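Notes for the structure review
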Amino acid sequence: MIIAIDGPAASGKGTLAKRLADHLGYACLDTGLLYRAVARDVALRGFRLEDTWAAVSAARGLVPASFDDPALRGTAAGDAASIVAKIPAVRAALLAYQRDFAAQPPGAVLDGRDIGTVVCPNADVKIFVTASPEIRARRRFAEFEARGAGVAYETVLADILARDARDAGRADAPMAKAADAMLLDTSNLGIEAAFDAVVGLIKRKISH
Ligand code: DC
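Numbering of residues starts from 1 in every chain and runs along the sequence as written. Thresholds applied to this predicted model are a pLDDT of at least 70 for local features of residues and 80 or more for the giving and counting of side-chain atom pairs; totals over whole chains, interfaces and linings are not thresholded and use all residues. As a rule here, side-chain values come from all non-hydrogen atoms in the structure, and water together with hydrogens is ignored.

1. Focus on the sheet that holds strand β2 (residues 27-30)
Note the following rule: Only strands that DSSP links by at least two bridges are regarded as paired with each other. Put simply, DSSP H or I for four residues or longer makes a helix, DSSP E for two residues or longer makes a strand, and each gets a number counted from the N terminus. Angles run from 0 to 180 degrees between N-to-C directions of axes, and those axes are lines fitted to C-alpha atoms, restricted for helices to the stretch in contact. In this analysis, two residues are considered to be in contact whenever any of their non-hydrogen atoms come within 4.5 Å of each other.
What the five strands build is an open sheet, ordered β2-β3-β1-β4-β5; its pairing is parallel. Of all strands in the sheet, those bounded by a partner on one side alone are β2 and β5 (182-185). Averaged over all pairs of adjacent strands, the angle between strand axes in this sheet comes to 20°, irrespective of strand direction. Taken strand by strand, helix α1 (residues 13-24) contacts β1 (2-6), β2, β3 (108-112), β4 (125-130) and β5, and its axis lies near 180° from that of β3.

Put into structure tokens, the structure is as follows:
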């Protein structure tokens, strides 16, 4: 069983993916971490993020154990990831790892931007999680405030809009809802309600 969850930054897709995987006893892969780790490794080696050769060699040499690195969590790491993610050869180098992960029994949940469209077009369940940019920015802003980071709401919103535009506008595997994906708008939906909606969808799929 493969569950594909796509959507923009701060839509709630990561939280949803983890909750589902725990609930079902499946493995879970946050595919954004792969791109974040590639960007980190390119920068650590002193190259520009746009350097195709450096980014592809970082993607080919990726060590999954390094995905736990707390340095991969922040906004800067996400923005850097979005830049290396535009390079088709980087995306190609990361495909086999994601597909092998998805194929493991009894099932896997993968979240990202192109899981339902490119990585696992035959996924059993596809969900595209979204929310308005303002609501997503407000969520991110609240997280920053809770951590005492002095970032303005306008800066957070601008970052979210720029990242959406880059991820949805790239030529190769842009962020997109697969035609057969369920659209889940979390603008006015808490995580519990979103979780219940998806569990209901999966139960219906399994019983068919
Ligand atoms: O989900 P995230 O914020 O951790 O992702 C960081 C960036 O990585 C995102 O802005 C674009 C890229 N990404 C991608 O291109 N394809 C994926 N499947 C996952 C992430």
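2. Observations concerning the side chain of Arg170
The test is simple: Buried means the residue's accessible area, taken with a 1.4 Å probe over protein chains only, is under 20% of the maximum for its type, while exposed means over 50%, and partly exposed covers the values in between. Identification of polar contacts relies on pairs of N or O atoms within 3.5 Å, with a donor-acceptor requirement for protein atoms, meaning one able to donate a hydrogen and the other able to accept it, and with residues adjacent in sequence counted only if both atoms are side-chain atoms.
Structurally, Arg170 is set in the loop between α8 (153-169) and β5. Under the relative-accessibility criterion, Arg170 is labelled buried at 7%. Within the structure, the side chain of Arg170 is placed 2.8 Å from the backbone oxygen of Ala173, a separation counted as a polar contact.

3. Some words on the pattern of salt bridges
Put simply, the test is: Should a side-chain nitrogen of Lys or Arg be within 4 Å of a carboxyl oxygen of Asp or Glu, the pair is scored as a salt bridge.
Counting across every chain of the model gives 11 salt bridges. Among the salt bridges present, the one from Arg40 reaches Asp69, with a minimum N-O distance of 2.9 Å. Here Arg40, found in helix α2 (residues 32-44), pairs with Asp69, found in the loop between α3 (52-60) and α4 (75-84); they are 29 residues apart in sequence, far enough to count as distant. Among the residues examined, Arg40 registers a relative accessible area of 15% and is labelled buried. The exposure class assigned to Asp69 is partly exposed, which follows from its relative accessible area of 24%. Arg113 serves as the salt-bridge partner of Asp167, at 3.3 Å between the closest nitrogen and oxygen. Of the two residues, Asp167 sits in helix α8 while Arg113 sits in the loop between β3 and α6 (115-119), which places them 54 residues apart along the sequence. Here the two residues Asp167 and Arg113 agree in accessibility, since each one is buried.

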